[in-house]
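# Descriptive structure summary
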Amino acid sequence: ADQMKLAVTTSFHNSGLAEVLLPEIRKDLGLEVQLLVVGTGQAIRLGASGDVDAILVHSRKAEEDFIAAGNGTHRTEIMYNDFVLIGPAADPAGIASASSAADALGRIAAAQAPFVSRGDDSGTHKKEKSLWDAAGVGADARDVAWYKEVGAGMGAALNTASGLNTYILSDRASWLNFGNKGDLALLYAGDPVLFNQYAYLPVNPAKHPHVKSDLAARLETWLTSDRAKALIDGYKLNGETLFTFNAAP
Amino acid sequence: MVNPSILPLTVTDATVRRRGKVLVGPVSLSVSPSGLTIVMGPNGAGKSTLLRLLHGMERVARGTLAWQVPEAQARRRQAFVFQTPIMMRRSALDNVAYPLIVHGTPRKDARARAATWLDRVGLADSATKLATVLSGGERQKLALARALIRDPEILFLDEPCANLDGRATREFEEILTAAHAGGTRVVMATHDIGQARRLAGDVWFVYRGALHETAPADQFFAAPRTREAAAFINGDIVE
Amino acid sequence: MVNPSILPLTVTDATVRRRGKVLVGPVSLSVSPSGLTIVMGPNGAGKSTLLRLLHGMERVARGTLAWQVPEAQARRRQAFVFQTPIMMRRSALDNVAYPLIVHGTPRKDARARAATWLDRVGLADSATKLATVLSGGERQKLALARALIRDPEILFLDEPCANLDGRATREFEEILTAAHAGGTRVVMATHDIGQARRLAGDVWFVYRGALHETAPADQFFAAPRTREAAAFINGDIVE
Amino acid sequence: MNEILQGLLQAGRLIVTLDSDLIEISLRSLRVTLSAVVIASAIGLPLGCWLAVRRFRWRRFVIATLNALMGLPPVVVGLIVYLFLSRSGPFGVFGLLFTPTAMIIAQVIILTPLIASIAHQAIRELWAEYHDLLISLNTTRFQRIATLLWDGRRALLTAALAGFGRGIGEVGAIMIVGGNIDNATRVLTTAIALETGKGNFALALALGFILIGLAVLVNLGVHSLSRTEVSDRW
Amino acid sequence: MNEILQGLLQAGRLIVTLDSDLIEISLRSLRVTLSAVVIASAIGLPLGCWLAVRRFRWRRFVIATLNALMGLPPVVVGLIVYLFLSRSGPFGVFGLLFTPTAMIIAQVIILTPLIASIAHQAIRELWAEYHDLLISLNTTRFQRIATLLWDGRRALLTAALAGFGRGIGEVGAIMIVGGNIDNATRVLTTAIALETGKGNFALALALGFILIGLAVLVNLGVHSLSRTEVSDRW
Ligand SMILES: Nc1ncnc2c1ncn2[C@@H]1O[C@H](COP(=O)(O)OP(=O)(O)OP(=O)(O)O)[C@@H](O)[C@H]1O
Ligand SMILES: Nc1ncnc2c1ncn2[C@@H]1O[C@H](COP(=O)(O)OP(=O)(O)OP(=O)(O)O)[C@@H](O)[C@H]1O
Ligand SMILES: [Mg+2]
Ligand SMILES: [Mg+2]
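Presented here is a report on the structure given in the accompanying data block. (Residues numbered from 1 in each chain as written. Chains lettered and ligands numbered in written order. Predicted model: local features only at pLDDT ≥ 70, side-chain atom pairs only at ≥ 80, totals over all residues. Heavy atoms only, no water.)

### Structural notes on the arrangement of the chains
There are 8 pairs of chains in contact here; the most contacts are made by chains D and E. Here chain A and chain B are not in contact; the least distance found between their C-alpha atoms is 51 Å. At the level of C-alpha atoms, the two units chain A and chain C stay apart, their nearest approach being 52 Å. (Contact = heavy atoms within 4.5 Å.)

Here it is, written out as structure tokens:
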């Protein structure tokens, strides 16, 4: 079978969706997609170096820079899921009743309740920082003891939050798939600003002639097809829908 | 001595085996409480192995060793000078003080006594040298001092004069005779027949791993009972 | 021999130092192409160091050694029997075959010749034993065989008979005399004055790191020129 | 805590059911590590001997560096190998990135200083013992090294086994250059890291126990193979 | 490729400007690793000696296991320590998780088998040399071990240094139990892993070079401190 390499972020891989899609892709296209699960920054670097044929990430600004630098041909939005705020089941900051994501974070800051941040410049981390800024808690205000930057992937950060029993921002998929929940519970979700858009970016064959742009194109066609739509929208974990397909047909 | 003597040692049918080959034995003998025994025999006959066996350093495949006191106690009152002296990676002085220190003598006393002993064996000048740089003869002197410093009740020596010069050999014999006169039981292997004649009270002649002949020294040298011992004394082929 | 002889060796003011202390030297001497030299002297005098110096094994702090051929070539035609024989962790046979093998003899030939030599020194029965389990005397025999197997032009021996029994010593002397008669230059340290008298062509008397007296053997033993040598021969205190 | 028990149980289950994924990644782990150990030993063992035999001005410095290189952070090795093998790197054309070969290369870089350093220390004593004899016999430096390698082979085995141990448990470097691609470059350690990230501690531990078991088996196997010639030493 | 150069430059820049973050995490790296090495040596060195001195039925097996444990995957160690220290674990009450202490504990577990195994191999030869003498002098097992530790101290230093090397470059375990928390448990290796994930390869390499430099310095320092008594041996 044909093979291509796709760099994805940990949060996507942790969702388990890949295990549903890849066998179908293989069946439909005879294409074996090899996943490289790395940090967002690293995924973009792998694409820029031509070491993978396409990337699937969720960090809009970085994606646009990637295209602008000529590393990718274009950016295709595929689907989105959402971020959720996780915290101690007792919810000491009372974010469960917050009116918005910014309000929830504001309450955490006010209560000075321990919060674990990915701290790794990933898509999730960037989203979290923008939420804090929206809540009026600037970078300086976050340089405090209760705000812990752990510099790790989603799973490791969740482990840390579980170990310390703190609040954390996670994507829903990683949270649902996460096995070491401890005392943590999903406390707040639903604000539209928490939507998390995934995009597919094929690597530019003009810059890296060896990349399998034809395979990348076939995969893109498949990912934006109704077949993918049915699989993505139909993927459920613990009875919850995780992703919403939103590719332009 | 206040302690009951560890001797005589009674050995019954003791055998040392390595890889299925018998190196020594079966040997039965008794080591009386006093005396100076010289062990002789051709190279590879098993003298060293026999001495090590008596000292409790060889696993006995068969047979028994019985001291007058429990094994653990007996071990404490023996000393051994190995055929190839073992130099610890320390100064000569520390090498000699070591047996005292491990048996509880305060470091300072031990060093002082070690210095005395180094002087006796003629190594006073080399006290601070690293033992591993000593010359062949100096090593043997050190080993002798180290063995005697604890005033053992029985002393095994395995060719202790092989690398000594004439004068050192004479001095060694004086020290040994003094120790023997002081009550130390001595069992010593040597190839030097002259020395054997000078020192021996009795002789064990080891041949092919067995105690081929044992006799009082004068009798052994004057009229050995076995053909092999006679040949050995003449430096002849012992077949 | 087709090759030009490596001898005589001329030594000028050679000095061996360790940690600022002079061990031997300055020594000036010439080693003639034939002869059998016995090196004598008290323990720690520097005999071993002197032999090692001649063999090129000690860094010379000062002075020179000049062979008749370039150093590299000269090294190939020497052999040394160390005071403490070094046993490689191989069978006795492989130990003796080793010098041949590293110098290009095919393995099979080397083993065959090694077997012959083991037989000559009386170790035929021990050929397959691991060398490290050999007895003291057996080790010395092995070392002798290993040194002679390459038929060196000059042979250094450092107390090679210290652990040998009477018969083995006699056989050793026969082998040595034969080698000497065959043209091998011999330089040997020993403490056995009897042996020295039997073998020596000339004697070097080493005392406190210096070549204190050198003389033809008969002259040395009959009438030593220095007080120290006289005392040494008598086994007296050499002060 | 409970997870540790579950991990053990799951390890047992995976083994008795001969889980095919498990077998695949275990074999890949072994293949990558053993290849790396063989190559690293071929370089490191003679290098260690050479350092013991040769005296030169910078010897102490080289040895200290070698010791320090034992601490080469795997991630850094991974990065450097990545940069070399990347399409934009000098060896990009060979397309080795994200293949077992790349993992072997990274492992060789990590293991060689370790093996050389342990070999050096193992051989130092043997050289002290043989020094006079080998010098006297006028051997070449090459012959000295060969002799020490042969006569010291049992101690050197320990060096190679230490390398094996280090290699089989390594994850940082092979994650970067191998990519942990399912069915292609996933090995035990990267699978463990993956499951840990998912919070599947029991499965991660199960894989960990299997890995340790594998390492014990290899060690015991090697020891008993080399046993025949050991009896007089150990 | 370019990144390697940039990394070197950046390393230089960080060092000359005495970057305060860099100093903090470097010092933390040193503190954690040195503490772990000291503790692991206190356990591992005598253990290695003990294994050399003592003969018992399962000795070969224990040694093989020890060798295998050198390959304990750090991630697994991290996991197990995590499970013990987590609030739901038996030692949760001490609140050690995500502190340098937890990192030290994990490192000790990783380093002890390594140090013990190298010490064992280093001391084996010395024991072979001393065996007859120490037995003859009727020393207790404790005295034998003490004597070997003292007279073999130079070789044992290598074991401790190997442990240091392994520890300073370790990342898998301390990432899990330390959490790589900024200003609290971030050390050089976890920072390197972080920057790698971010794609900041040059900075990651810079930190890596600094780490290696640090390891070389420690090795050279230890070697030159122990030099005085060395001249006759090395
Ligand atoms: N482990 C072993 N395996 C086989 N043979 C051995 C072993 N150990 C010793 N031997 C042999 O046992 C014999 C007796 O050795 P031992 O050292 O007792 O002799 P010895 O009488 O002291 O000789 P020497 O006068 O040369 O010192 C020797 O032939 C030696 O090679
Ligand atoms: N590295 C060293 N540092 C200090 N002294 C040393 C060193 N090496 C050897 N010596 C000393 O040098 C002296 C000469 O040693 P050498 O081995 O040459 O003596 P020798 O004449 O062969 O004695 P023996 O008859 O006892 O074998 C000895 O006193 C020895 O202690
Ligand atoms: Mg003997
Ligand atoms: Mg000497």
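Right, picking up where we left off after that structure.
### Remarks on the coordination of the magnesium ion (ligand 4)
Each angle at a metal carrying four tetrahedral donors should ideally be 109.5 degrees, and each at a metal carrying six octahedral donors should ideally be 90 or 180 degrees. Residue and element names in this part refer to chain C. For the magnesium ion (ligand 4), the protein coordination sphere consists of S48 (OG) and Q83 (OE1), at 1.9 to 2.2 Å. Linking S48 in helix α1 (residues 47–54) with Q83 in the loop between β5 (78–81) and α3 (92–102), this pair joins segments that are 35 residues apart in sequence. Residue classification places S48 among the buried residues on the basis of a relative accessible area of 18%. A residue is classified by how much of its surface remains accessible, and Q83, at 14% relative accessible area, is buried. (Donors = N, O, S within 2.8 Å, 3.2 Å for Na, K, Ca; no water. Helix = DSSP H or I, 4+ residues; strand = E, 2+ residues; numbered from the N terminus. Buried < 20%, exposed > 50% of the residue type's maximum accessible area, 1.4 Å probe, protein only.)

### A word on the sheet that holds strand β7 (residues 185–189) of chain C
Hydrogen bonds between backbone atoms are what pair the strands of a sheet, whose relative direction is either parallel or antiparallel. All names here are of chain C. Spatially, β5-β6-β7-β3-β8-β9 is the arrangement adopted by the 6 strands of the open sheet, whose pairing is mixed. For this open sheet the edge positions go to β5 and β9 (210–216), each flanked by a neighbour on one side alone. For this sheet the average axis-to-axis angle between neighbouring strands, irrespective of direction, equals 15°. Where strand β6 (residues 154–158) and β7 come together, 5 bridges link them in parallel fashion. Considered in β7, the bridge of F156 is made with V187. The sheet strands contacting helix α6 (residues 166–181) are β3 (36–40), β6 and β7, and the helix crosses β7 at an angle near 145°. (Pairing = 2+ DSSP bridges. Axes fitted to C-alpha atoms, helices over the stretch in contact; angles between N-to-C directions.)

### Describing the packing of aromatic side chains
How two aromatic rings sit relative to each other is given by the distance of their centres and the angle of their planes. Tallying each qualifying case throughout the model produces 30 aromatic pairs over all chains. Pairing W146 of chain A with Y147 of chain A gives two aromatic rings, centres 6.2 Å apart and planes at 90°, and the pair type is edge-to-face. Both rings, one in F205 of chain B and one in F232 of chain B, keep their centres 5.4 Å apart while their planes meet at 55°; by these two values the pair is tilted. With F205 of chain B in strand β8 (residues 202–207) and F232 of chain B in helix α9 (residues 227–233), the pair connects residues that are 27 residues apart, well separated along the chain. F232 of chain B carries the same exposure label as F205 of chain B, and that label is buried. Put simply, the rings of F205, Y207, F220, F221 and F232 of chain B touch in pairs and so form one group of aromatic residues. Over the ring of W175 of chain A we find K181 of chain A; its NZ or CZ atom is 5.0 Å from the centre of that ring. Positioned above the aromatic ring of W150 of chain E, the side-chain terminus of R153 of chain E is 3.9 Å from the ring centre. (Phe/Tyr/Trp six-rings, centres within 6.5 Å; stacked < 30°, edge-to-face > 60°. Lys NZ or Arg CZ within 6 Å of the ring centre and 35° of its normal.)

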